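Structure at a glance
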Amino acid sequence: MTEDPLDTLLARARDDTAQPSDALRARVVTDAVRVTAPVRRPFWRGLGGWIGLPGAALLGLWLGAAQPALVFEMMPGLASETALLDDVFGASFELALTE
Amino acid sequence: MDEDGQDDAALLAQAAGGDARAAGVLFDRLAPRLMAFVQRMNGGNRALAEDIVQEAFLRLWRKAPDWDAGGPAQISTWLGRVAANLAVDAHRRAARETALPDDLDPASDAPSAVATMIQAEGLSALDAALARLPDRQRQAVVLRHVEGYSNPDIAAMMGCGVEAVESLTARGKRRLAELLKEVS
């Protein structure tokens, strides 16, 4: 056989097909469904940092206002309730209280 | 675009959204040609070809959410390249395990293969002859002369130099012509 008919034969092979088995089709489609399925996460995971930092800040504020004794107990260096509020809001808070 | 009005990229986008029907249609459309190519690459091993086709599609599903539908890449071309790389890798693993030299002709003393070829015609004869080539020669010939990849592309896939690819394709094609001449 000369090379020209061989080239023709090789070119014909380019469009050749082989029927895949039904089992392979089933495996491939199962893979598609498994890989593309949305990942279910607990709803609080979605909230992430949005709930963490503001939540901690609010808890700290509430603790300072509602449970000052507990704060003094944990931080003995603070002299008084006023000093604690000063640390948080500055002198303007004290001024507002006296008005 | 197929007769059902949906192109491959649209089907892939639907498959990426979990549509099993779209995944099946895309498989039906692309897998037959891919199967023929991979079988030809690995000398007719159907079980290995099915494993490679499954892995190629698995990689396609993983890539689906990021697929650029407006880009120049065709899904069929992308799948073909992935499958070619997988077929070459499979050959490398098998060669390491069996430690056969690349240029060994595994069927040179097998008269039954010649008898098979004599009775075969056309593409069947081509496949029988290809199966008798050494693995790397066969892969280089299929990638170059059937699939139409460039020599630098084939060199990258096969992990060798361009000159080695030129040598493999030239020797492979010469040997192929001799084998088919025996048949005719």
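Please refer to the structure placed before this passage.
Anyway, here's the lowdown on the structure attached to this text. Predicted, not measured: the structure shown is a model, and the values here were computed from it.

For the rest of this paragraph, the subject is the interface of chain A and chain B. If you look at the interface, chain A gives 27 residues, while chain B gives 39 residues. When the two sides are added together, the surface that chain A and chain B hide from each other amounts to roughly 3000 Å², 63% of it contributed by carbon and sulfur. The interface formed by chain A and chain B contains 4 salt bridges. With a shortest N-O distance of 2.7 Å, Asp-16 of chain A and Arg-40 of chain B are connected by a salt bridge. Across the chain A-chain B interface, the total number found is 15 residue pairs in polar contact (both at pLDDT 80 or more). Among the elements of the structure, α1 (3-14) and α2 (22-36) of chain A are those that each provide at least two residues to the side of chain A that touches chain B. Here the side of chain A that touches chain B gets 11 residues from one element, more than from any other, and that element is α2 of chain A. Partitioned by chemical class, the residues of the side of chain A that touches chain B number 13 nonpolar, 4 polar and 10 charged.

All right, on to the packing of aromatic side chains then. Residues and elements named next belong to chain B. Within the structure shown, the criterion is met by 3 aromatic pairs over all chains. Arranged with centres 5.7 Å apart and planes meeting at 40 degrees, the rings of Phe-57 and Trp-61 form a pair that is tilted. Here Phe-57 pairs with Trp-61, and both are found in helix α3 (residues 46-63), just 4 residues apart, close to one helical turn. Of the two residues, Phe-57 and Trp-61, both sit in the buried class. Between Trp-67 and Trp-78 the ring centres are 6.0 Å apart and the planes differ by 90 degrees, which places this aromatic pair in the edge-to-face class. On the criterion of sequence distance, the pair formed by Trp-67 in the loop between α3 and α4 (75-98) and Trp-78 in helix α4 is long-range, its members being 11 residues apart. Each residue in the set Phe-27, Phe-57 and Trp-61 is aromatic and connected to the rest through ring pairs, giving one cluster.

In this section: helix α1 (residues 8-16) of chain B. Residues and elements named next belong to chain B. For α1, the full list of buried residues reads Asp-8, Ala-9, Leu-11, Leu-12, Ala-15 and Ala-16. Summarising the axial view, the buried residues of α1 lie within an arc of 160 degrees, below the 170-degree limit, and thus occupy one face. In the segment just after α1, Gly-18 is the residue with positive phi, at about 95 degrees.

Right, let's talk about the environment of His-91 of chain B for a bit. Within the element layout of this structure, His-91 of chain B appears in helix α4. Distance in space between the C-alpha atoms of His-91 of chain B and Arg-136 of chain B is 8.4 Å, their sequence separation being 45 residues.

So, about the packing of α2 of chain A against α3 of chain B. Where α2 of chain A meets α3 of chain B, the closest approach of the two axes is 9 Å, and the angle between their N-to-C directions is 25 degrees. When the axis of α2 of chain A is compared with that of α3 of chain B, the two are roughly parallel. Between α2 of chain A and α3 of chain B the crossing geometry is right-handed. Across from Leu-24, Arg-27, Val-28, Asp-31, Ala-32, Arg-34, Val-35 and Thr-36 of chain A in α2 of chain A, the residues of α3 of chain B making contact are Glu-50, Asp-51, Val-53, Gln-54, Phe-57, Leu-58, Trp-61 and Arg-62 of chain B. In terms of residue class, the contact of α2 of chain A with α3 of chain B is built from 8 nonpolar, 2 polar and 6 charged.

Here we come to the pattern of salt bridges. As a working rule, side chains carrying opposite charge can pair if their charged atoms are close by. In this structure the tally under the stated criterion is 14 salt bridges over all chains. Where Asp-31 of chain A meets Arg-34 of chain A, a salt bridge forms, and the shortest distance between an N and an O atom there is 3.1 Å. With Asp-31 of chain A and Arg-34 of chain A both in helix α2 and 3 residues apart, the pair spans about one turn of that helix. Here Arg-59 of chain B makes a salt bridge to Glu-55 of chain B, at a shortest N to O gap of 2.9 Å. Of this pair, Arg-59 of chain B and Glu-55 of chain B both sit in helix α3, separated by 4 residues, roughly a single helical turn. For Glu-55 of chain B, a relative accessible area of 26% translates into the label partly exposed.

Next up on the list: the environment of Leu-60 of chain B. Residue and element names in this part refer to chain B. By the element assignment, Leu-60 lies in helix α3. Sequence separation between Leu-60 and Val-82 is 22 residues, and the spatial gap between their C-alpha atoms is 9.1 Å. Not counting chain neighbours up to four residues away, the residues in contact with Leu-60 comprise Leu-12, Leu-26, Ile-75, Trp-78 and Leu-79.

Thresholds applied
Residues numbered from 1 in each chain as written. Chains lettered and ligands numbered in written order. Predicted model: local features only at pLDDT ≥ 70, side-chain atom pairs only at ≥ 80, totals over all residues. Heavy atoms only, no water. Contact = heavy atoms within 4.5 Å. Buried area = accessible area lost by both parts, 1.4 Å probe. Salt bridge = Lys/Arg side-chain N within 4 Å of Asp/Glu carboxyl O. Polar contact = N/O pair within 3.5 Å; in protein donor to acceptor, adjacent residues only side chain to side chain. Helix = DSSP H or I, 4+ residues; strand = E, 2+ residues; numbered from the N terminus. Nonpolar A, V, L, I, M, F, W, Y, C, P; charged D, E, K, R; others polar. Phe/Tyr/Trp six-rings, centres within 6.5 Å; stacked < 30°, edge-to-face > 60°. Buried < 20%, exposed > 50% of the residue type's maximum accessible area, 1.4 Å probe, protein only. Arc of directions from axis to C-beta. Axes fitted to C-alpha atoms, helices over the stretch in contact; angles between N-to-C directions. Parallel < 35°, antiparallel > 145°, perpendicular 65-115°, else oblique. Left-handed = near helix turned anticlockwise from the far one by under 90°.

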